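Read off the chains here:
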There are 2 protein chains.
Amino acid sequence: MSTPMYRQIAEDLRAQIESGELKPGQQMRTEIELRDHYAASRNTVRDAIKLLTTVGLVETRPGQGTFVVKKINPSVTILNTDPLTSPGGDITNGIGDPEESEVVSTAPQVEIQQASDNVATHLNIARGTEVVSRHQARTVKGIPWSLQTSFYPMDFVFKGATKLIEAQDIRAGAVRYLADTLQLRQVGYRDHILVRAPDATETSFFGLPADGRVGVFEISRTAYEENGWPMRLTVSVFPTDRNQFVVNVGELPDTSGVDPRFA
Amino acid sequence: MSTPMYRQIAEDLRAQIESGELKPGQQMRTEIELRDHYAASRNTVRDAIKLLTTVGLVETRPGQGTFVVKKINPSVTILNTDPLTSPGGDITNGIGDPEESEVVSTAPQVEIQQASDNVATHLNIARGTEVVSRHQARTVKGIPWSLQTSFYPMDFVFKGATKLIEAQDIRAGAVRYLADTLQLRQVGYRDHILVRAPDATETSFFGLPADGRVGVFEISRTAYEENGWPMRLTVSVFPTDRNQFVVNVGELPDTSGVDPRFA
DNA sequence: GGGTATTTGTCCGTATGTATT
DNA sequence: AAATACATACGGACAAATACC
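Computed from a prediction, not measured in an experiment: that's the story for all the values here. (Residues numbered from 1 in each chain as written. Chains lettered and ligands numbered in written order. Predicted model: local features only at pLDDT ≥ 70, side-chain atom pairs only at ≥ 80, totals over all residues. Heavy atoms only, no water.)

1. Considering the confidence of the model for chain A
Residue and element names in this part refer to chain A.
- In this model, chain A carries a mean pLDDT of 86, and residues with pLDDT of at least 70 account for 88%.
- The model gives residues 83-88 a pLDDT under 50, and that stretch makes 11 contacts with residues more than four places away or in other chains.
- The low-confidence segment residues 94-100, where pLDDT is below 50, has 8 contacts with residues more than four positions distant or belonging to other chains. (pLDDT = per-residue confidence, 0-100. Contact = heavy atoms within 4.5 Å.)

2. Quick notes on the interface of chain B and chain A
- Tallying the contact residues gives 43 residues for chain B and 43 residues for chain A.
- Along the contact surface separating chain B from chain A lie 0 salt bridges.
- Connecting chain B to chain A are 10 residue pairs in polar contact (both at pLDDT 80 or more).
- Elements supplying a minimum of two residues to the side of chain B that touches chain A: α3 (42-55), α4 (117-123), β8 (186-196), β9 (216-225) and β11 (243-250) of chain B.
- The element contributing the most residues to the side of chain B that touches chain A is β8(B), with 9 residues.
- For the side of chain B that touches chain A, the class distribution of residues is 22 nonpolar, 13 polar and 8 charged.
- With 6 bridges connecting them, strand β8 (residues 186-196) of chain A and β11(B) associate as antiparallel partners. The residue of β11(B) that forms the bridge with A:H192 is B:V246. (Salt bridge = Lys/Arg side-chain N within 4 Å of Asp/Glu carboxyl O. Polar contact = N/O pair within 3.5 Å; in protein donor to acceptor, adjacent residues only side chain to side chain. Helix = DSSP H or I, 4+ residues; strand = E, 2+ residues; numbered from the N terminus. Nonpolar A, V, L, I, M, F, W, Y, C, P; charged D, E, K, R; others polar. Pairing = 2+ DSSP bridges.)

3. Brief notes about the relation of the copies chain B and chain A
- When chain B is fitted onto chain A, the two copies agree to an RMSD of 0.1 Å after a turn of 180 degrees and an axial shift of 0.0 Å. On this basis, the relationship between the two copies can be described by a two-fold rotation axis. When C-alpha distances to the rotation axis are compared across chain B, the minimum falls at B:R213, with a value of 3.0 Å.
- Looking at the interface residues of chain B, 100% of them are also at the interface in chain A, so both copies use one shared face. (Least-squares fit on C-alpha atoms with pLDDT ≥ 70 in both.)

4. Examining the protein's contact with DNA strand D
- Around DNA strand D lies a shell of 23 residues, among which A:M5, A:N43, A:T44, B:R46 and B:T60 are the nearest.
- Those atoms of DNA strand D that come within 4 Å of the protein belong to sugar or phosphate at a rate of 69%.
- B:R42 places a side-chain nitrogen or oxygen 2.9 Å from a base nitrogen of DNA strand D.
- In the environment of DNA strand D, a phosphate oxygen lies 2.9 Å from a nitrogen or oxygen atom belonging to the side chain of B:T60.
- For the surface near DNA strand D, the secondary-structure elements that each account for two or more residues are α1 (5-18) and α3 (42-55) of chain A together with α3, β1 (58-61) and β2 (65-68) of chain B.
- Of the residues assigned to the surface near DNA strand D, the class counts are 6 nonpolar, 11 polar and 6 charged. (Near = heavy atom within 4 Å.)

Put into structure tokens, the structure is as follows:
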């Protein structure tokens, strides 16, 4: 009997959930009932529940009880849409109902910053160089979907792309705008995908659990112009619990028939 | 003073870590010392530490103490290498030192299974249809890197691709083999990326913390032949704490200069 | 709105087990 | 073997959130 009691309790409850005995959304027995059932202390039962919470199987609501989590219908985003250069450096959404995506972006929050290590590396400039930062929050059907920040070399503004420092959406897209004003043609981009813990801002914006057990995708998209120089870095952040991504390579039948189902 | 004490303690420690006052790898003060320092109970201090561990900032070692985690040097994998069809459906590694990758694969574990919902959906066959499952574990320089399972329709074996059910590596790659024996030419693939909690097998193989706070990437690669039919599904699993992925779109300078640095 | 019962959240103190040095 | 440090487990008390009457 070397496995701790709270793990055994958690394993028992997990089995009930995965067997379907406890259904998604259903309320579980209260901590007191579980304490009696397993002949343990309430704190031990709470340890078991805590374990299930970090794995994402259950969720607790103060004053109400503990519930089996419902599967969230995930948002699926295609990372390499075919018209490479057109949609801007923005990551657009290919959600279930493509027509009614209802993607809403806040007005960009524009700042002049000194390039951090990360930004400097991706933009291939010296650390501390001034860059324009344009930050936006996006919601899909009212639920928070992404936080994204684009970085441009400050040079671009001096050379005439003054709209970059205006706190307004750039109509026709930033790609088009830079091509028109600076003859900077975007010919490709590279996405860098990682997962990390959310910071306080992200936790609050996405409504993630405060204990940080739900990670976020951080996708750094570096766009290049025709001479091979990076012209923009866009860092987008998405919660991992409701987002998936797709990459298409080669000739594929039709991009539609992907409906993600998994137990 | 509405924020709980254990959160305040965690916030204080977090600030010390992020300011560099506590360096990566360094041992923190013991629970007893922290209890005295913050005039709290040991359990409360433990709650604070537990919070920091779920965020991945610290790690506890029984009998030794609590330590600030060291940043793991991440493995970077390119999802869309240019010779699309050649490297097989396998996801190959583009780690820091490309020459000495030292990727070691175990002998495949071959099984005949009935297609699960997920497999059936991706392979576009009926649920319960028999499929060949080939499972492999991979290590890079001795550390566990990925678990991957490929699924092929059982048809392929009946039609002559009998090596699929042999528990040996298919030399020259499965793509080449299927092209040679069945005239099945792979013309592209689609990667589906998501993050979920690891199961017991994955936790043990990767040596992940038992509480499941480190998620895993699950990348489902569906390969298509020239008539647009799926010919293989490969599901690969990677821990999120030591893996990153790259997607290249359009014309890029050279794929080398990506060295990921982030605070 | 108020009051009460229910349920989870926080915090304490204590005891004992287990891993490491 | 002994000391140290974290892990598990218990029990109790009060706070905070929610639901219901």
